[in-house]
Amino acid sequence: MFFNGSVLNNNLEGMMIVEANQMRGWAHEEVIHSLAKALNNHYVFPDVAEEMGNYLEHKLVGKEYEAIKNAEAFCEQVTYDLREISKDKHLKLRYTEQEKSVDMKISEKEQREEYLLHAKLDNYGFHRIERLAGNIGYIHLRGFHDPEFAGEAAVNAMNLVANTDALIFDLRNNGGGSPSMVAFITSYLFDSEPFHLNSFYSRANDVISQSWTLSYVPGKRYGNKPVYVLTSHRTFSAAEEFTYNLKNLKRATIIGEVTAGGANPGAVHQLTKHFGIFIPDGRAINPVTQTNWEGIGVTPDVETTQHEAYETAYKLALKHVISLYQDRNEYGFIVKEAENQLKQL
């Protein structure tokens, strides 16, 4: 419906917004009923799924959502309610203005196309790769994208830092992604035969699959040189797996803040034309600890603020370089470079 040149009063405008929202298919009842069903069908812990569904239905019957007319606000409230019961930070209800099909095959195609566009615009998560003064490698990684598409970017990044003497992974703004990319990048950090890195239980198939490091990686492995991982309270999901794995394998020094605490992998399920939800349908099982970081996060080896994490790691890396070359006169230039940089920090 269109109006040309008319100025609507507040009451009429409000009525139109409500009417438009209803026409767009986000009636509270439809969303809640579909959501409760999806949780019961897919959520990794069936008993918790039932509890969440009952809680949402109870609030619906009590008309506690009735006053919420804004779709985004509705999503925020329902997400909050889900997490109140489950404590699962992966659960998130989303609204999109553009209509999406609830047919699974079409939905998967749409999700794939959206994912690929997002991944490319994100440069597959690799926002900055460089050699810092003192021959320190630095990779600012914002996401772990599927190696099927992001593998080339990962290879290029690891090749660029291959000749440095210490490496910093900056995951302070990394929201997660693909466990396969976690395994791919981790494989560069070990000169060893493939080994069991992590396991994932799937409710759908009631099976446990294993993630292993790779026997072959393109380019040069990083070997046993020092690795530092920077974290914040926003470091989440697959970024936490990468951090958790390396910490328990004693392969990296973790520096920064305790991470967010989301260990349950899953998928997006389209509930209506405008509402979808990410539902965890599995859980991670680390072979070293036999558990994971769900709800507690990963505690750093060196706890500091997210803002001080970079400088802290850089100082440790520079001191390593100075120690490595200080008795080798032919490499005095790199010692001087590292010492000069250390004075500036």
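As the structure is a prediction and not an experimental result, all values here were calculated from the model.

Draft legend 1. Fine view of the packing of helix H2 (residues 28-42) against helix H4 (residues 71-86). At a minimum axis separation of 13 Å, H2 and H4 run at an interaxial angle of 35 degrees. Handedness of the H2/H4 crossing: right-handed. Residue-level inspection shows His28, Val31, Ile32, Leu35 and Leu39 of H2 in contact with H4, the latter providing Phe74, Val78 and Leu82. Looking at the contact of H2 with H4, its residues break down into seven nonpolar, one polar and no charged.

Draft legend 2. Region of the structure containing the sheet that holds strand S9 (residues 266-270). The three strands lie next to each other as S1-S10-S9, forming an open sheet whose pairing is antiparallel. Looking at the sheet topology across the chains shown, the edges are occupied by strand S1 (92-95) and S9. Taken over all neighbouring pairs, the strand axes of this sheet differ in orientation by 25 degrees on average, direction set aside. Strand direction decides the pairing type here: S1 and strand S10 (residues 275-280), joined by four bridges, are antiparallel. Paired with leucine 93 across the bridge in S10 is isoleucine 277. Sitting on the sheet, H2 touches S1, S9 and S10, and the angle it makes with S10 is about 25 degrees.

Draft legend 3. Inspection of the side chain of lysine 100 at higher detail. Within the element layout of this structure, lysine 100 appears in the loop between S1 and helix H5 (104-121). In terms of polar contacts, lysine 100 uses its side chain to reach the side chain of glutamate 114, at 3.2 Å. Other than its neighbours up to four places away in sequence, lysine 100 contacts Glu110, Glu114, Gln270, Thr272 and Lys273.

Draft legend 4. Representation of the environment of tyrosine 325 within the structure. Following the sequence through the fold, tyrosine 325 ends up in helix H9 (residues 306-325). Sequence spacing of tyrosine 325 and valine 335 is 10 residues, and the spatial spacing of their C-alpha atoms is 6.4 Å. Not counting the four nearest positions on each side in its chain, tyrosine 325 is found in contact with Asp165, Tyr331, Ile334 and Val335. Polar contacts involving the side chain of tyrosine 325 include one to the side chain of aspartate 165, which spans 3.0 Å.

Draft legend 5. Spatial organisation of the pattern of salt bridges. Taken as a whole and assessed by the stated rule, the structure comprises eight salt bridges. Ionic pairing is found between arginine 112 and glutamate 148, a salt bridge with its closest N-O pair at 3.8 Å. Here arginine 112 is found in helix H5, whereas its partner glutamate 148 is found in helix H6 (residues 147-160), with 36 residues between them in sequence. With relative accessibility at 43%, the residue arginine 112 sits in the partly exposed group. Taking the relative accessible area as the measure of exposure, glutamate 148 reaches 58% and is therefore exposed.

Draft legend 6. Spatial organisation of the domain arrangement of the protein. Examined at the domain level, the protein breaks down into domain 1 (15-87) and domain 2 (112-266 + 282-344). One C-alpha centre belongs to domain 1, the other to domain 2; they are set 37 Å apart. At the interface, nine residues of domain 1 touch six residues of domain 2. Carbon and sulfur atoms make up 49% of the surface buried where domain 1 meets domain 2, a total of about 500 Å² over both sides. It is Val44, Phe45 and Lys87 that lose the most area in domain 1 upon contact with domain 2, and together they represent 65% of the buried surface on that side. Run the count over domain 1 and domain 2 and you get zero salt bridges. The tally of links between domain 1 and domain 2 comes to two residue pairs in polar contact (both at pLDDT 80 or more). Considering every element that reaches the side of domain 1 that touches domain 2, the biggest residue donor is H2, with four residues.

Draft legend 7. Molecular detail of the nonpolar core. Formed by 36 residues in total, the largest nonpolar core has its most connected members in Phe144, Phe169, Leu189 and Phe242. It is H6 that contributes the most residues to this core, six residues altogether. Those residues in contact with phenylalanine 169 that lie beyond four places of it in its chain are Ile139, Met158, Ile185, Leu189, Val227, Tyr228, Val229, Leu230 and Phe242.

Draft legend 8. Geometry of unusual backbone geometry. Positive phi values are uncommon outside glycine, yet asparagine 123 reaches one of about 55 degrees. Looking at the element boundaries, asparagine 123 is found in the loop between H5 and strand S2 (126-132). Assessed through its relative accessible area of 44%, asparagine 123 is described here as partly exposed. Despite not being glycine, lysine 250 has its phi angle at roughly 55 degrees, a positive value. Residue position: lysine 250 is located in the loop between helix H8 (238-248) and strand S8 (253-256). By relative accessible area, which is 76% here, lysine 250 ends up exposed.

Cut-offs used in this document
- Starting from 1, residues in each chain are numbered consecutively following that chain's sequence as written.
- Local features in a predicted model are, by the rule used here, given only for residues with pLDDT of at least 70; side-chain atom pairs are given and counted only at 80 or more, and totals for whole chains, interfaces and linings are based on all residues.
- Side-chain numbers come from the whole structure's heavy atoms, not from hydrogens or water.
- Axis lines are fitted through C-alpha atoms, for helices just across the contact stretch, and the angle between N-to-C directions can take any value from 0 to 180 degrees.
- Secondary structure elements are taken from DSSP: a helix is a run of H or I of four residues or more, a strand is a run of E of two residues or more, and numbering for both begins at the N terminus.
- Handedness of a helix crossing follows the sense of rotation of the near helix relative to the far helix, less than a right angle counterclockwise being left-handed and clockwise being right-handed.
- Residue contacts are counted whenever heavy atoms from the two residues lie within 4.5 Å of one another.
- Each residue gets one label: Ala, Val, Leu, Ile, Met, Phe, Trp, Tyr, Cys and Pro are nonpolar, Asp, Glu, Lys and Arg are charged, and the others, such as Gly, are polar.
- At least two DSSP bridges between two strands are required for those strands to pair.
- Pairs of N or O atoms within 3.5 Å make up the polar contacts considered here, provided that, within protein, one atom can donate a hydrogen while the other can accept it, and that residues adjacent in sequence are counted only when both atoms are side-chain atoms.
- One side-chain nitrogen of Lys or Arg within 4 Å of one carboxyl oxygen of Asp or Glu is enough to make a salt bridge.
- Any residue under 20% of the maximum accessible area for its type is buried, any over 50% is exposed, and the rest in between are partly exposed; the area is computed with a 1.4 Å probe on protein chains only.
- These domain boundaries are the output of an automatic or database domain assignment.
- Once two parts are brought into contact, the accessible area they lose, counted with a 1.4 Å probe and summed over both, makes up the buried area.
- Definition of nonpolar core: a set of buried residues of the types Ala, Val, Leu, Ile, Met, Phe, Trp, Tyr and Cys, connected through side-chain atoms within 4.5 Å.

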